[in-house]
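Next come the chains, spelled out residue by residue.
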Amino acid sequence: MPGLLGKKIGMTSVFGADGKNVPCTVIEVGPCVVTQIKSVEKDGYEAVQIGFEEAKEKRTSAPLMGHFKKAGTTPKKHLAEFSGFDRELNLGDTLTVADVFEGVSFVDVAGTSKGRGFQGVVKRHGFGGVGQVTHGQDDRLRKPGSIGACSYPAKVFKGLRMGGQMGNKRVTTQNLRVLKVIPEHNLLLLKGSVPGCNGSIVIVEK
């Protein structure tokens, strides 16, 4: 699907036409530069590689510098591939939020969720806790309970919900309503929340 790279700015709220206060997320989308055109003959599939955010030359490797010079653009921090654009693109073309999302009603946003570290089953999976405070069970309130039978099958099944690392994973939020496109500031206002912390890089697709 066609899309662009962007940066999550933060959350705010706007008033809709019906007078309701709607929470929304502000995303700086683009401008992105076309850095590579992939074709079926050469690469086995069709796609357009775009770059987002300026990077310093001294922090860019020599192969990547040659890659960007071939496209006629400055080094970029983030690269991603998209397909299905409704117009033909060439190396060095600039894509803005108005070019891709003007008139679009819904988008999907993919990003890396906030890392929560090691968490127990109550916070990680929403367990209610087992046991009771009485009869000496003062240390069982947030425990997961039984994790399997002893005699048969005498093992813990794979995928059982337990405590562990929470967050810091790629998450996609689908069908977010586009409230407003502000092309002069490259901003996109989406209803609701998107994954990631403020300042994190996200992928916005139609």
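To be clear, the structure that these remarks concern was listed above.
Basis of the calculations
- Residues numbered from 1 in each chain as written.
- Predicted model: local features only at pLDDT ≥ 70, side-chain atom pairs only at ≥ 80, totals over all residues.
- Heavy atoms only, no water.
- Helix = DSSP H or I, 4+ residues; strand = E, 2+ residues; numbered from the N terminus.
- Rg over C-alpha atoms; globule rule 2.2 N^0.38 Å.
- Buried < 20%, exposed > 50% of the residue type's maximum accessible area, 1.4 Å probe, protein only.
- Contact = heavy atoms within 4.5 Å.
- Areas by Shrake-Rupley, 256 points an atom, 1.4 Å probe, with all protein chains shown as cover.
- Lys, Arg positive; Asp, Glu negative; His and termini not counted.
- Charge placed at Lys NZ, Arg CZ, Asp CG, Glu CD.
- Core = buried A, V, L, I, M, F, W, Y, C linked by side-chain atoms within 4.5 Å.
- Pairing = 2+ DSSP bridges.
- Axes fitted to C-alpha atoms, helices over the stretch in contact; angles between N-to-C directions.
- Salt bridge = Lys/Arg side-chain N within 4 Å of Asp/Glu carboxyl O.
- Polar contact = N/O pair within 3.5 Å; in protein donor to acceptor, adjacent residues only side chain to side chain.

### A look at the overall build of the chain
Next, step 1: The helix and strand inventory of the chain stands at 4 helices and 12 strands.
Next, step 2: Here the chain has a C-alpha radius of gyration of 23 Å; the compact-globule value for 206 residues is 17 Å, and the former is much larger.
Next, step 3: Over its C-alpha atoms, taken along the principal directions, the chain stretches across nearly 75 × 50 × 35 Å.
Next, step 4: For the chain, buried positions account for 33% of its 206 residues.
Next, step 5: Contacts in the chain between residues at least 24 apart in sequence constitute 67% of all its contacts with a sequence separation of at least 6.
Next, step 6: For the chain, the accessible area works out to roughly 12800 Å², and carbon and sulfur atoms hold 50% of it.
Next, step 7: Distance between charge centres in the chain, computed from 29 positive and 19 negative side chains, equals 12 Å.

### Quick look at the nonpolar core
In summary, soluble globular proteins display a tendency toward joint burial of nonpolar side chains.
Next, step 1: Ranked by size, the top nonpolar core spans 30 residues in total, and within it Phe101, Val107, Val109, Leu188, Leu190 and Val204 carry the most contacts.
Next, step 2: When near neighbours in sequence (up to four residues on either side) are disregarded, Val107 contacts Phe101, Thr173, Gln174, Asn175, Leu176, Val178, Leu190, Val204, Glu205 and Lys206.

### Observations regarding the sheet that holds strand E3 (residues 32-38)
Next, step 1: Pairing is antiparallel in the open sheet, where 4 strands are placed in the order E5-E4-E3-E6. Strands at the two margins of the open sheet, each flanked by one partner only, are strand E5 (76-82) and strand E6 (94-95).
Next, step 2: For strand E4 (residues 47-54) and E5, the ladder comprises 6 bridges, and the chain directions are antiparallel. Each bridged residue has a counterpart across the sheet, and for Val48 the counterpart in E5 is Phe82.
Next, step 3: Docked against the sheet, helix H2 (residues 62-71) engages E3, E4 and E5, running at close to 95 degrees with respect to E3.

### So, the pattern of salt bridges
Next, step 1: In total, this model carries 4 salt bridges according to the counting rule given.
Next, step 2: The partner of Glu81 in a salt bridge is Lys38, with the nearest N and O atoms 2.7 Å apart. With Glu81 in strand E5 and Lys38 in strand E3, this residue pair connects regions lying 43 residues apart in the sequence.
Next, step 3: Classification of Glu81 by relative accessible area gives partly exposed; the value is 33%.
Next, step 4: For Arg87, the salt bridge goes to Asp99, with nearest N and O atoms at 4.0 Å. Placement of Arg87 in the loop between E5 and E6 and of Asp99 in helix H3 (residues 97-101) is noted, with a sequence separation of 12 residues between them.

### Quick notes on the environment of Ile147
Next, step 1: Relative to the elements of secondary structure, Ile147 occurs in the loop between helix H4 (121-125) and strand E9 (164-166).
Next, step 2: Separated by 15 residues in sequence, Ile147 and Met162 place their C-alpha atoms 8.7 Å apart.
Next, step 3: Excluding anything up to four places from it in sequence, Ile147 contacts Val156, Leu160 and Met162.

### Remarks on the side chain of Gln119
Next, step 1: Within the secondary structure, Gln119 is located in strand E8 (residues 117-119).
Next, step 2: Looking at Gln119, its side chain comes within polar contact range of the main-chain oxygen of Arg116, at 2.7 Å.
Next, step 3: Here Gln119 is in contact with Arg124, Gly163, Gly164 and Met166, once residues within four sequence places are set aside.

### Description of the environment of Lys169
Next, step 1: Positionally, Lys169 belongs in the loop between E9 and strand E10 (170-182).
Next, step 2: Accessibility expressed as a relative area gives 48% for Lys169, which makes it partly exposed.
Next, step 3: Residues Lys169 and Asp138, 31 residues apart in the sequence, show an inter-C-alpha distance of 34 Å.
Next, step 4: If we skip the residues at most four places from it in the chain, Lys169 touches Gly111, Thr112 and Ser113.

### A few points about the pairing of strand E2 (residues 21-29)
Next, step 1: Bridge analysis of strand E1 (residues 3-15) against E2 gives 9 bridges, and the strand direction is antiparallel. Counterpart to Gly6 in the pairing with E2 is Val29.
Next, step 2: Linking E1 to E2, which pair antiparallel, is a turn of 5 residues; within it Gly19 sits at a positive phi near 90 degrees.
Next, step 3: As defined by bridge partners, E2 adjoins strand E11 (residues 187-191) across 5 bridges and the pair is classed as antiparallel. Considered in E11, the bridge of Thr25 is made with Leu190.

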